[in-house]
Amino acid sequence: DIIPTGATGPGWTSSAISTNTSLVSRYEYFCTTSSALTLTLSATPTQGDEIRIFDASGQAATNNITVSPNGNNLQGSVQNLLINVNYGSCTLIYTGSTYGWKVA
């Protein structure tokens, strides 16, 4: 089955969070951004791992969501991802060690 990006399908678990969190593959994280959050990706991801992040409360412009790649590449280099747009969201897919996590 092909599940379109943004659709909930088999194997996905939803989690509402409001504190710093270590992320797990095949989870959708609905963030309450009443304060800044740091979300940490797995140190040992597997090709094809996928994670979805949503600013559910619409305050990311003021209280940013920082996604740490935990020593792996993100978009081709070791860098954090910053969600700083109200109601912003992203899907991250691990493509392998060379490019790392890709924003889809």
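Structure: above.
Residues numbered from 1 in each chain as written. Predicted model: local features only at pLDDT ≥ 70, side-chain atom pairs only at ≥ 80, totals over all residues. Heavy atoms only, no water.

Draft legend 1. Region of interest: the state of the cysteines. Applying the stated criterion across every chain, the model contains 0 disulfides. The thiol of Cys 31 is unpaired, and the distance to the nearest cysteine sulfur, on Cys 90, comes to 9.1 Å. By relative accessible area, Cys 90 is classed as buried at 9%. (Disulfide = S-S within 2.5 Å. Buried < 20%, exposed > 50% of the residue type's maximum accessible area, 1.4 Å probe, protein only.)

Draft legend 2. Fine view of the environment of Thr 66. Following the sequence through the fold, Thr 66 ends up in strand β6 (residues 65-68). With 13 residues separating them in the primary sequence, Thr 66 and Gln 79 have C-alpha atoms 10 Å apart. Apart from the residues lying within four places of it in its own chain, the contact partners of Thr 66 are Leu 37, Thr 38, Leu 39, Asn 80, Leu 81 and Leu 82. (Helix = DSSP H or I, 4+ residues; strand = E, 2+ residues; numbered from the N terminus. Contact = heavy atoms within 4.5 Å.)

Draft legend 3. Examining the nonpolar core more closely. Counting 19 residues, the largest nonpolar core has Leu 23, Leu 39, Leu 41, Ile 53, Ile 65, Val 67 and Leu 92 as the members making the most contacts within it. Counting only elements with at least two residues in this core, the list comes to β3 (27-31), β4 (37-40), β5 (50-55), β6, β7 (81-83) and β8 (89-94). A total of 3 residues in this core trace back to one element, the largest contributor, which is β8. Residues within four places of Leu 92 in sequence aside, it is in contact with Leu 41, Asp 49, Glu 50, Ile 51, Ile 53, Val 67, Leu 81, Trp 101, Lys 102 and Val 103. (Core = buried A, V, L, I, M, F, W, Y, C linked by side-chain atoms within 4.5 Å.)

Draft legend 4. View of the pairing of β3. Relative to β3, strand β1 (residues 13-17) runs parallel, the two sharing 5 bridges. In the sheet register, Ile 17 faces β3, and the bridge partner there is Cys 31. As paired elements, β3 and β5 share 4 bridges and run parallel to each other. What sits directly across from Tyr 29, in β5, is Ile 53. (Pairing = 2+ DSSP bridges.)

Draft legend 5. Representation of the environment of Thr 21 in the model. Structurally, Thr 21 can be placed in strand β2 (residues 21-22). We classify Thr 21 as buried; its relative accessible area is 17%. When residues no more than four places from it in sequence are discounted, the contact partners of Thr 21 are Tyr 29, Thr 38, Leu 39 and Thr 40. From its side chain, Thr 21 meets the backbone oxygen of Thr 19 in a polar contact 2.7 Å long. (Polar contact = N/O pair within 3.5 Å; in protein donor to acceptor, adjacent residues only side chain to side chain.)

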